[in-house]
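Given next are the chains, with one letter for each unit.
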Amino acid sequence: MRIFEKLAEYRYEQVVFCHDKSTGLRAIIAIHNTTLGPALGGCRMYPYASEDEAVTDALRLARGMTYKAAASGLNLGGGKSVIVGDPRKDKSEVLFRSFGRYIETLGGRYITAEDVGTSIEDMENIRLETSHVVGVDVTHGGSGDPSPFTALGVKQGMLACAEEAFGAPSLEGRTVAVQGLGHVGHHLCELLQAEGARLIVTDLNPALVEEAAREFGAKPVEPDEILSIPCDVLAPCALGAVINDESLPKLRCSIVAGSANNLLAESHHGEALYERGILYAPDYVTNAGGLINVADELEGYNRQRATKRVMRIQDSVRRIIAISKRDGVPTNVAADTLALERTGAISSMVRLHTGHPYSMPQRRRATV
Ligand code: NAD
């Protein structure tokens with residue numbers, strides 16, 4: 001891999017390769033952009049088949065975090081790290097402590113968190129070596145389960161879409177079809193019921209479907225029916241890539257807003273939704289509630305403040321819809337525009353010197 005060419009393509013700031021023979025640590029920290037603040041992004045542990053694969057993943061994920069933080073109104077940059085290894089057998093206290101020492105050397109330019117393959121226990125081990133870690137145990141100022149906050153953000157995103165599509169930011173009497181009743185889906189159903197929405201639900205696990213039917217009066221459907229069910233809002237909260245060539249012609253909804261990452265199989269599927277008049281709440285903004293919540297730990301976690309910040313996802317989605325209308329582009333493109341406009345505006349702000357470099361006290365010449 002030609003790494004510098006890759007870094008130049010999307011203007012990455014820094015990539016750090018971490019190696020510790022004694023602990024077996026092989027990790028990569030990718031920092032994409034720190035215009036808005038320190039780069040925050042999770043640490044993924046995965047048995048990558050090759051070094052190229054690990055670098056590519058770290059770079060791709062880091063860049064995604066720049067956009068996510070910027071469009072969600074966070075004062076954070078984008079970064080991500082990967083540890084090469086099998087999370088089921090290669091974890092140890094020393095491995096994560098060793099990784100923590102590498103994070104510490106960056107002096108706060110990168111802040112890590114949980115991701116696929118890592119846990120609160122791992123963050124606790126990292127915390128023994130650096131303070132630049134969030135998603136730690138609640139006894140150490142951690143913010144706990146992110147899912148209720150992710151669900152809240154999804155609901156706020158839906159409200160912004162409802163305002164545009166139906167003329168009012170309300171889901172009262174609207175039908176929402178929820179795919180996936182796991183951590184986020186269940187909390188989302190609870191919030192939607194409180195908003196007066198009618199629910200249609202599905203999951204591969206029948207016990208979760210029964211629970212939702214009982215608790216929220218939701219109507220159960222089979223997993224293969226949910227994408228083509230007539231509804232006002234489709235909320236994919238299970239897997240990515242559900243909006244694809246196959247599902248697109250079957251959709252019978254006015255809005256797509258869910259928590260799943262990478263909802264669009266390809267970015268041109270955003271264009272296809274736009275052409276069909278289906279309003280899409282971009283995934284990385286709509287599902288940013290968990291990130292906004294965990295980032296609050298940096299200021300000393302405050303649940304009320306975090307909740308308030310997550311509620312602002314409604315404004316972010318509103319702004320994205322406005323850009324979509326202004327530029328005549330799909331909302332997935334408008335979300336990227338919002339992120340780029342914000343980072344661009346801040347990086348081009350006037351730089352004001354507060355002192356003259358030559359007004360520093362002159363050093364006396366040594367006499368010989
Ligand atoms: P989860 O694993 O708790 O729940 C996912 C649920 O989807 C499971 O109950 C599973 O049985 C169900 N499911 C899987 N395939 C399905 C299918 N084909 N049809 C119907 N149901 C299916 O995960 P989660 O934490 O609730 O997250 C849901 C999605 O949101 C994931 O894509 C995740 O990456 C994304 N996300 C979650 C968070 C968070 O805070 N948990 C934050 C951002 C993004």
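Notes on the structure in this doc start here. None of these values were measured; they are calculated from a predicted model. (Residues numbered from 1 in each chain as written. Predicted model: local features only at pLDDT ≥ 70, side-chain atom pairs only at ≥ 80, totals over all residues. Heavy atoms only, no water.)

**Things to note about the overall build of the protein**
- Helix and strand counts for the protein stand at 13 helices and 12 strands.
- Expected size for 368 residues packed as a compact globule is a radius of gyration near 21 Å; at 22 Å, the protein falls within 12% of this value.
- Counting only C-alpha atoms, the protein reaches 90 × 50 × 45 Å along its principal axes.
- Across the 368 residues of the protein, 51% fall into the buried class.
- Here the protein has roughly 18,200 Å² of accessible surface; of this, 50% comes from carbon and sulfur atoms.
- Distance between charge centroids for the protein: 8 Å, based on 39 positive and 46 negative side chains. (Helix = DSSP H or I, 4+ residues; strand = E, 2+ residues; numbered from the N terminus. Rg over C-alpha atoms; globule rule 2.2 N^0.38 Å. Buried < 20%, exposed > 50% of the residue type's maximum accessible area, 1.4 Å probe, protein only. Areas by Shrake-Rupley, 256 points an atom, 1.4 Å probe, with all protein chains shown as cover. Lys, Arg positive; Asp, Glu negative; His and termini not counted. Charge placed at Lys NZ, Arg CZ, Asp CG, Glu CD.)

**With respect to the sheet that holds strand β7 (residues 175–179)**
- Taken in spatial order, the 6 strands line up as β9-β8-β7-β10-β11-β12 in an open sheet, and their pairing is parallel. Whereas interior strands pair on both sides, the edge strands pair on one side only; in this sheet they are β9 (219–220) and β12 (279–280).
- Two elements, strand β10 (residues 233–236) and strand β11 (residues 255–256), share 2 bridges in a ladder whose sense is parallel. Bridged to V233 within β11 is I255. (Pairing = 2+ DSSP bridges.)

**Points about unusual backbone geometry**
- Backbone geometry at R11 places phi at a positive 55°, although glycine is not the residue there.
- Looking at the element boundaries, R11 is found in the loop between α1 (3–9) and β1 (14–20).
- Non-glycine residue N262 carries a positive phi angle of around 50°.

**Quick notes on the site of the ligand**
- Around the ligand, the surrounding shell holds 19 residues, and the nearest of these are T150, H183, V184, D203 and S259.
- One of the side-chain nitrogen or oxygen atoms of T150 is found 2.6 Å away from an oxygen atom of the ligand.
- At a separation of 3.2 Å, an oxygen atom of the ligand approaches a polar side-chain atom of N261.
- Isolated, the ligand exposes 830 Å² of accessible area, and the fraction of that covered by the protein chains is 72%.
- Counting only elements with at least two residues in the shell around the ligand, the list comes to α5 (147–166) and α6 (183–194).
- Split into classes, the residues belonging to the shell around the ligand amount to 9 nonpolar, 9 polar and 1 charged. (Near = heavy atom within 4 Å. Polar contact = N/O pair within 3.5 Å; in protein donor to acceptor, adjacent residues only side chain to side chain. Nonpolar A, V, L, I, M, F, W, Y, C, P; charged D, E, K, R; others polar.)

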